[in-house]
Amino acid sequence: MSIEVSVPSLLADCTGGRSRFRLEADTLEDALERLLGDYPLLRHHLYRESGELRPHVLLYYNDQNIAWLADRRIPLREGDRLLVLQAVSGG
Amino acid sequence: MAKGIKVLVGTNKGVFIYSSDESRSEWRLDGPYLSGWEAYSVFGDSRGGRKRLFAGTSHAAYGATIRYSDDLGATWTQVEQGPKYAAETGFSLNRIWQIAPGAPSEPDTLYAGAEEAGLFVSRDAGLTWNELDGLTKHPSRPGWFPGAGGMCLHTVIVDPGNPRRIRVAMSAVGVFRSEDGGETWSPSNEGLGRVPTGQPYPEVGYCIHKMAADPLNPETIYMQEHCGVFRSDNGGASWYPIEEGLTIKEGDMPFGFPFCVSPGGDMFIIPLESSEQRTMRDGRMLVYRRHRDEREWLPVGDVVPDEQRHVSVLRDAMALDDLDDYGLYFGTTSGELFCSLDRGVTWKRLPGLLSRILSVKTWRVDE
């Protein structure tokens with residue numbers, strides 16, 4: 001199974017110049033590990049040195065904030081999306 | 001291939017590059033590069049046969065890193081092992097305030113000054129970076145407290161004749177010096193004015209705005225700090241004020257940010273109204289000059305005599321080029337860049353209105 005990943009264009013130089021691409025993975029947890037393993041520069045911009053997600057970064061699985069998921073071992077389905085978003089980007 | 005002059009401009013919305021030949025009469029503006037990233041530091045490195053342009057990029061949401069270009073800005077690469085604090089330090093890398101070269105004998109060495117305040121070094125022309133953690137392990141570190149611009153290490157000065165001799169300056173913390181290549185550090189603030197940080201560490205709490213070494217004598221260092229303008233004749237061991245001519249109003253304390261000094265000894269500052277106001281006095285953008293052998297500052301340049309400019313010039317937003325008849329450049333918080341070719345007396349506004357200008361550096365490089 002694969003999942004469509006979307007990252008902000010500002011971070012596209014961390015992901016081979018692409019802001020939208022697909023990853024092969026079986027579960028959401030696998031997809032997250034694969035994303036950060038394949039693109040280590042992305043980890044630097046998404047996570048603080050302490051390992052916490054940066055305060056204004058959101059990771060969404062479809063329309064759900066991953067931070068509130070009880071279990072990330074969700075089997076991926078056709079059409080799933082993993083989105084990196086900037087929290088409160090409006091003016 | 002003729003050398004040209006480039007003025008590298010870091011703004012809060014990317015990097016811009018002004019280019020001219022050595023006459024510096026006509027300028028071309030290119031950019032923005034790295035659009036969307038703030039560039040608190042830029043540096044053009046021609047050492048070791050390179051032609052490498054660096055930018056210290058940061059973003060409120062995505063943190064900070066260093067990017068470089070080997071094709072004069074056309075394409076950029078993010079360094080894979082950039083400055084980063086170890087997780088156990090608890091420090092966070094928020095901005096890169098300075099990218100500075102090592103001594104001439106170490107052409108592959110660069111230093112990066114960061115916020116939160118710390119110093120990083122690269123020994124491979126900027127590809128990998130490591131913290132010189134003797135600084136952040138100094139016993140006074142718990143007493144470091146951020147100034148209005150953040151707790152930033154904004155100035156790095158390496159003795160050109162002794163690469164192990166390094167001076168750094170940090171806002172609201174002070175000057176630290178190392179004689180062993182950055183392994184150990186000592187506060188170096190004797191004679192400066194302390195600012196109220198509320199912290200019980202008397203050896204720190206000195207708000208340095210910008211520090212510059214005299215090109216002729218590395219023992220002579222100048223600075224603009226929160227409480228005035230100072231000089232050291234002993235490599236920063238002690239400081240004394242050099243403020244004659246700067247008191248425009250009774251009780252007015254000299255206040256400003258950038259400081260430049262030419263090889264011939266011309267020093268330049270741009271005083272602001274006060275710490276509270278932080279804009280040009282009465283809207284007049286006046287550049288002050290003093291030669292190292294003179295006893296008084298003079299307002300030599302009224303940059304825009306017919307208009308008011310209620311703006312500021314930030315600490316790293318003034319620079320000299322390295323031609324014999326040097327050019328002096330500064331950028332404002334309202335995005336204008338100005339150039340003088342006559343020791344700061346008359347000024348020309350370069351084309352384009354940019355975003356808030358954070359950093360101005362010059363680079364003499366083959367086109």
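What counts and what doesn't
Residues numbered from 1 in each chain as written. Chains lettered and ligands numbered in written order. Predicted model: local features only at pLDDT ≥ 70, side-chain atom pairs only at ≥ 80, totals over all residues. Heavy atoms only, no water. Helix = DSSP H or I, 4+ residues; strand = E, 2+ residues; numbered from the N terminus. Rg over C-alpha atoms; globule rule 2.2 N^0.38 Å. Buried < 20%, exposed > 50% of the residue type's maximum accessible area, 1.4 Å probe, protein only. Contact = heavy atoms within 4.5 Å. Areas by Shrake-Rupley, 256 points an atom, 1.4 Å probe, with all protein chains shown as cover. Lys, Arg positive; Asp, Glu negative; His and termini not counted. Charge placed at Lys NZ, Arg CZ, Asp CG, Glu CD. Pairing = 2+ DSSP bridges. Buried area = accessible area lost by both parts, 1.4 Å probe. Salt bridge = Lys/Arg side-chain N within 4 Å of Asp/Glu carboxyl O. Nonpolar A, V, L, I, M, F, W, Y, C, P; charged D, E, K, R; others polar. 1 Å grid on protein atoms, 1.4 Å probe; cavity = no way out; pocket = protein on both sides within 12 Å on 5 of 7 lines; lining within 4 Å. Points joined across faces, edges and corners; volume = space filled by probe spheres on them.

Visitor: How should the overall build of chain B be read in this particular structure?
Guide: A count of helices and strands for chain B gives zero helices and 28 strands. For a compact globule of 367 residues, the expected C-alpha radius of gyration is about 21 Å, and chain B comes in at 19 Å, within 12% of that figure. Its C-alpha atoms put chain B at 55 × 50 × 40 Å along the principal axes. Within chain B, the fraction of its 367 residues that count as buried is 62%. Long-range contacts, defined as pairs at least 24 residues apart, comprise 53% of the intrachain contacts of chain B with a sequence gap of at least 6. Carbon and sulfur atoms make up 49% of the accessible area of chain B, which totals about 13800 Å². Looking at charge distribution, chain B has the averaged site of its 38 positive side-chain charges lying 2 Å from that of its 50 negative ones.

Visitor: For this particular structure, what's the right way to read the sheet that holds strand β26 (residues 337-340) of chain B?
Guide: Whenever strands of a sheet pair, they do so through backbone hydrogen bonds, lying parallel or antiparallel. All names here are of chain B. What the four strands build is an open sheet, ordered β24-β25-β26-β27; its pairing is antiparallel. With one partner strand each, in any of the chains shown, β24 (318-320) and β27 (348-349) form the two edges of the open sheet. Where strand β25 (residues 328-331) meets β26, four bridges bridge the pair, whose relative direction is antiparallel. If you follow Phe330 over to β26, its bridge partner there is Phe338.

Visitor: In this structure, what is going on with the interface of chain B and chain A? I would like to understand it.
Guide: Interface size is commonly expressed as the accessible area that is lost once the parts come together. If you look at the interface, chain B gives 20 residues, while chain A gives 16 residues. Between chain B and chain A, the buried area comes to about 1600 Å², and carbon and sulfur atoms account for 53% of it. The largest per-residue losses of area from chain B upon contact with chain A belong to Ala61(B), Tyr62(B) and Gln78(B), which jointly make up 42% of the total buried on that side. Our count for the chain B to chain A interface comes out at one salt bridge. Among the elements that make up the side of chain B that touches chain A, the one with the highest residue count is strand β6 (residues 63-69) of chain B (four residues). For the side of chain B that touches chain A, the class distribution of residues is 10 nonpolar, seven polar and three charged.

Visitor: I'm lost on empty space enclosed by the protein in this one. Help?
Guide: Where empty space is left in the structure can be found by rolling a water-sized probe over the atoms. All names here are of chain B. Within this structure, the stated rule accounts for one cavity of 30 Å³ or more. As a volume, the largest cavity reaches approximately 70 Å³. Around the largest cavity, the lining residues are Ile157, Val158, Asp159, Pro160, Arg165, Arg167, Ala213, Pro218, Ile221 and Gly235. Elements represented by at least two residues in the lining of the largest cavity include exactly β12 (153-159), β13 (162-170) and β17 (217-225). At three residues, β12 tops the list of elements feeding residues into the lining of the largest cavity.

Visitor: Would you mind showing me how to read the layout of surface pockets here?
Guide: All names here are of chain B. Considered as a void within the structure, the largest pocket measures approximately 1500 Å³ in volume. Phe43, Pro101, Ala213, Pro215 and Leu320 are, among the 46 residues lining the largest pocket, the residues nearest its centre. The residue makeup of the lining of the largest pocket, split by class, is 27 nonpolar, eight polar and 11 charged. Here the second largest pocket defines a volume of roughly 440 Å³. Along the walls of the second largest pocket sit 24 residues, with Ala148, Gly149, Phe257, Arg278 and Arg315 positioned nearest its centre. Grouping the amino acids of the lining of the second largest pocket by side-chain chemistry returns 12 nonpolar, eight polar and four charged.

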